[in-house]
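# Inside the fold
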Amino acid sequence: MTDRPRLAVIGAGPAGLAATLAAAAAGVRVALVDSAPEAGGQFYRQPAPGLGARRPQALHHGWRTWRRLREGLGRQITAGRVTHLTDHHVWYVERHSAGFTVHALLGPLQEDGVTVDADAVVLATGGYEKVLPFPGWTLPGVVTAGGAQALLKGGLVLPGRTAVVAGTGPLLLPVATGLAAAGAHVAALVESADPKALVRRSRALASLPVKLAEGAGYAARLLRHRVPVLARHTVVEAHGDERLDAVTVAALDAEGRVRPGTRRRIACDTLAVGHGMLPHTDLAATLGCRLDGVAVRVDDEQRTDVPGVWAAGEATGIGGADLALAEGHIAGRSAAARLTGRQPDPRTWAGAARSRAALRGFFAALDSVYAPPAHWAEQLTDDTLICRCEEVPVHAVRTAVGELGAGDVRTVKLLTRAGMGWCQGRMCGPAVAALTGCPQTPARTPFARPVPLGVLAGQAPDTQTGPPPPDNPPDGKDPHDD
Amino acid sequence: MRGERNMNPLKLTDARPGPAFTVTLDGREITALPGQTVAAALWAAGVTSWRGTRGAGRPRGVFCGIGVCFDCLVSLNGRPNQRACLVPVRPGDAIRTQEGTGHDD
């Protein structure tokens, strides 16, 4: 153990990699802790080495940036400044008087626990996909858009031969073009957003020409692969007995309701569906970090309001890989400076700060365009399952709200078990909140993933729990006291 | 278009996988490639469901694909509740459809 301070970065996607490289370059030791067998996160997910892909970039965007990150990581590992802890599924970050202890389960079986000590933490935990329910959404063959992409990028497999890509949001474009390029017949890209809304926000969107070019690139690829685009449309039902064999799509009116007489059936064996992304905030929430809505709140240096804890990337609000890179870089620079007793100089990350401001503006504009249909819940039948884990039908939630007077998600959960299963409400949370008439809040769980009882029981009795003394932050100073 | 007729993900990425090997799903032999997850190997074999839900016994397979939703739980070499989308497949693996909690049989 050397005297140099140690930073734990949780997550090896764009934000975590950028934070790791920035902090290591500034002389701080970094433990990069990640659940995957290899760096990259979801965005830069690579085919497993055993698959011997010689041209993985065919499924990727931003390949040059990825190569720069990967080579930088390799150099820092060789130099001994970065330890890359793969297959580490972090379930809890503990704050105590001596700093932080990161608790992880070793994957993939996740039965044995390990700990990593650090003086400060960067949370780069990324996000996951939001999917609103519709009749038939539990049929095998219905997958999240990101899930279809993960299996394609990581496992080099297609779920079937004929796919429909549906929902809303910028993720649908790379998923549709990726599936088509890999040989799937993409029967339709069904987007509920109104293209006219994009035009209305064109000034905000045009502030980033690079992003416009990216959008044009996708449009060209959709044309080249002859993917029919159904804008202002939605999937109203997935059909099949033991597995998906078709979907029914329909046009939406200006209010976001299904237009009568526009339903039509499209045969397919795969539906890749998504309605945007949600930040992973479990670790931040258990550390006591303040959240803004569903995202971790950070300041200009990417610091949370808990001393010694930074956050970057999707965890602080959905904005894509480029924003994650900028935020991660700033977090790494700031953390390294403060850990070595220096006052961070924002001029050293001025470029990243400019990117961050522009990209946040761009994604705020996109967010106002890409929204699920306002009246999506009208398509739910009483027997549509809203909670996939506990098999809770829509009528149970409607009864809890309408007849039993439940006015919040927690009461609905207690009355119906919606959100009580394996995923801890991550999948059904947005829909349950909507049917309950509540704003969406992050799923609050004591641990970020299921933990074997043996691992919990094995926590040493002297392991400190609970909040540390407030006057003794791990980096020896109050980060808000500038 | 009817897809790129002769295209597939391995061809697109110019992949030269290591030697294929055999695993079983409920006793039936399936060919898998090194590095694939259990879910990817089953998908490649045309299998999309490998769990019956605890309540209605309905079929489930991959949904989120990144370890969040737990829909893809499977029994692997006698251990129930493994997430097929995370666990790499290994030669000789005995994969079994998981019924209910996976502890019933």
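Here the structure is a predicted model, which means the values were calculated and not measured.

It is worth spelling out the overall build of chain A at this point. Assigned secondary structure in chain A consists of 14 helices and 22 strands. A compact globule built from 482 residues would reach a C-alpha radius of gyration of about 23 Å, and chain A, at 23 Å, matches this within 12%. Considered along the principal axes of its C-alpha atoms, chain A spans approximately 70 × 50 × 45 Å. Every one of the 482 residues in chain A was classed for burial, and the buried ones make up 56%. Just so you have it, chain A exposes about 19,600 Å², and 52% of that area is on carbon and sulfur atoms. Taken as two groups, the 50 positive and 45 negative side-chain charges of chain A have centres that lie 9 Å from each other.

Further remarks concern the overall build of chain B. Secondary structure assignment for chain B yields 2 helices and 8 strands. Ordering the α and β elements of chain B from the N terminus gives α-β-β-α-β-β-β-β-β-β. Its C-alpha atoms give chain B principal-axis dimensions of about 45 × 35 × 25 Å. Relative to its full complement of 105 residues, chain B shows a buried share of 53%. Nonlocal contacts in chain B, meaning residues at least 24 apart in sequence, comprise 37% of its contacts between residues at least 6 apart. Here chain B has roughly 4,500 Å² of accessible surface; of this, 47% comes from carbon and sulfur atoms. Taken as two groups, the 13 positive and 9 negative side-chain charges of chain B have centres that lie 5 Å from each other.

Residue and element names in this part refer to chain B. Spatially, 2-1-7-5-6 is the arrangement adopted by the 5 strands of the open sheet, whose pairing is mixed. In the strand order of this sheet, the two ends are held by strand 2 (28–32) and strand 6 (79–83), each with one partner. Adjacent strand axes in the sheet meet at a mean angle of 40° when their direction is disregarded. As judged from the 3 bridges shared by strand 5 (residues 73–76) and strand 6, these two strands associate in the antiparallel manner. Looking at strand 6, one finds that L73 is bridged to R83.

It is generally the case that most residues other than glycine have a negative phi and that most peptide bonds are trans. All names here are of chain A. The phi dihedral of D87 is positive, around 55°, even though this residue is not glycine. Note that D87 resides in the loop between strand 3 (82–85) and strand 4 (88–96). The phi dihedral of R226 falls on the positive side, at around 50°, and the residue is not glycine. Looking at the element boundaries, R226 is found in the loop between helix 7 (209–224) and strand 12 (229–231).

Applying the stated criterion to the full structure yields 22 salt bridges over all chains. The closest approach of N and O atoms between E111 of chain A and R79 of chain B, which form a salt bridge, is 2.6 Å. Of this pair, E111 of chain A sits in the loop between strand 5 (99–106) and strand 6 (112–118) while R79 of chain B sits in strand 6, placing the two residues on different chains. What makes E111 of chain A partly exposed here is its relative accessible area of 35%. K211 of chain A serves as the salt-bridge partner of D322 of chain A, at 3.3 Å between the closest nitrogen and oxygen. Here D322 of chain A, found in helix 9 (residues 320–339), pairs with K211 of chain A, found in helix 7; they are 111 residues apart in sequence, far enough to count as distant. For K211 of chain A, a relative accessible area of 12% translates into the label buried.

Now for the packing of helix 3 (residues 145–155) of chain A against helix 4 (residues 172–181) of chain A. Geometrically, a packed helix pair is captured by the angle between its two axes and the distance between the axes. Residues and elements named next belong to chain A. One can describe the packing of helix 3 onto helix 4 by two numbers: an axis separation of 9 Å at closest approach and a directional angle of 40°. As judged from the angle between their axes, helix 3 and helix 4 are oblique. Crossing of helix 3 against helix 4: the hand is left-handed. Between helix 3 and helix 4, the contacting residues are A145, Q149 and L152 on the first element and L172, P174, V175, G178 and L179 on the second. Each residue belonging to the contact of helix 3 with helix 4 can be placed in one class, and the counts come to 6 nonpolar, 2 polar and no charged.

Turning our attention to the UniProt feature "domain: BFD-like [2Fe-2S]-binding" (unreviewed entry) in chain A. Summarizing the sequence annotation, UniProt attributes the feature "domain: BFD-like [2Fe-2S]-binding" (unreviewed entry) to residues 385–435 of chain A in the numbering used throughout. A distance of 13 Å separates the end C-alpha atoms of residues 385–435 of chain A, which is 47% helix and 10% strand.

Moving on: the environment of R161 of chain A. Residue and element names in this part refer to chain A. Considering the arrangement of structural elements, one finds R161 in the loop between helix 3 and strand 10 (162–167). Separated by 25 residues in the primary sequence, R161 and V186 place their C-alpha atoms 8.4 Å from one another. If we ignore the near neighbours within four places in the chain, the residues touching R161 are G183, A184, H185 and D269.

For the rest of this paragraph, the subject is the UniProt feature "domain: FAD/NAD(P)-binding" (unreviewed entry) in chain A. Sites flagged by UniProt as "domain: FAD/NAD(P)-binding" (unreviewed entry) map to residues 6–328 of chain A. Each end of residues 6–328 of chain A is marked by a C-alpha atom, and these two atoms are 17 Å apart; helix forms 28% of the span and strand 31%.

Time to look at the confidence of the model for chain B. Residues at a pLDDT of 70 or more form 93% of chain B, whose mean pLDDT is 92. Mean pLDDT values over the elements of chain B span from 92, in strand 8 (residues 98–99) of chain B, up to 98, in strand 1 (residues 21–25) of chain B.

The rules behind each value
- Residues numbered from 1 in each chain as written.
- Chains lettered and ligands numbered in written order.
- Predicted model: local features only at pLDDT ≥ 70, side-chain atom pairs only at ≥ 80, totals over all residues.
- Heavy atoms only, no water.
- Helix = DSSP H or I, 4+ residues; strand = E, 2+ residues; numbered from the N terminus.
- Rg over C-alpha atoms; globule rule 2.2 N^0.38 Å.
- Buried < 20%, exposed > 50% of the residue type's maximum accessible area, 1.4 Å probe, protein only.
- Areas by Shrake-Rupley, 256 points an atom, 1.4 Å probe, with all protein chains shown as cover.
- Lys, Arg positive; Asp, Glu negative; His and termini not counted.
- Charge placed at Lys NZ, Arg CZ, Asp CG, Glu CD.
- Contact = heavy atoms within 4.5 Å.
- Pairing = 2+ DSSP bridges.
- Axes fitted to C-alpha atoms, helices over the stretch in contact; angles between N-to-C directions.
- Salt bridge = Lys/Arg side-chain N within 4 Å of Asp/Glu carboxyl O.
- Parallel < 35°, antiparallel > 145°, perpendicular 65-115°, else oblique.
- Left-handed = near helix turned anticlockwise from the far one by under 90°.
- Nonpolar A, V, L, I, M, F, W, Y, C, P; charged D, E, K, R; others polar.
- UniProt positions renumbered as here; feature names shortened; annotations may be inferred.
- pLDDT = per-residue confidence, 0-100.

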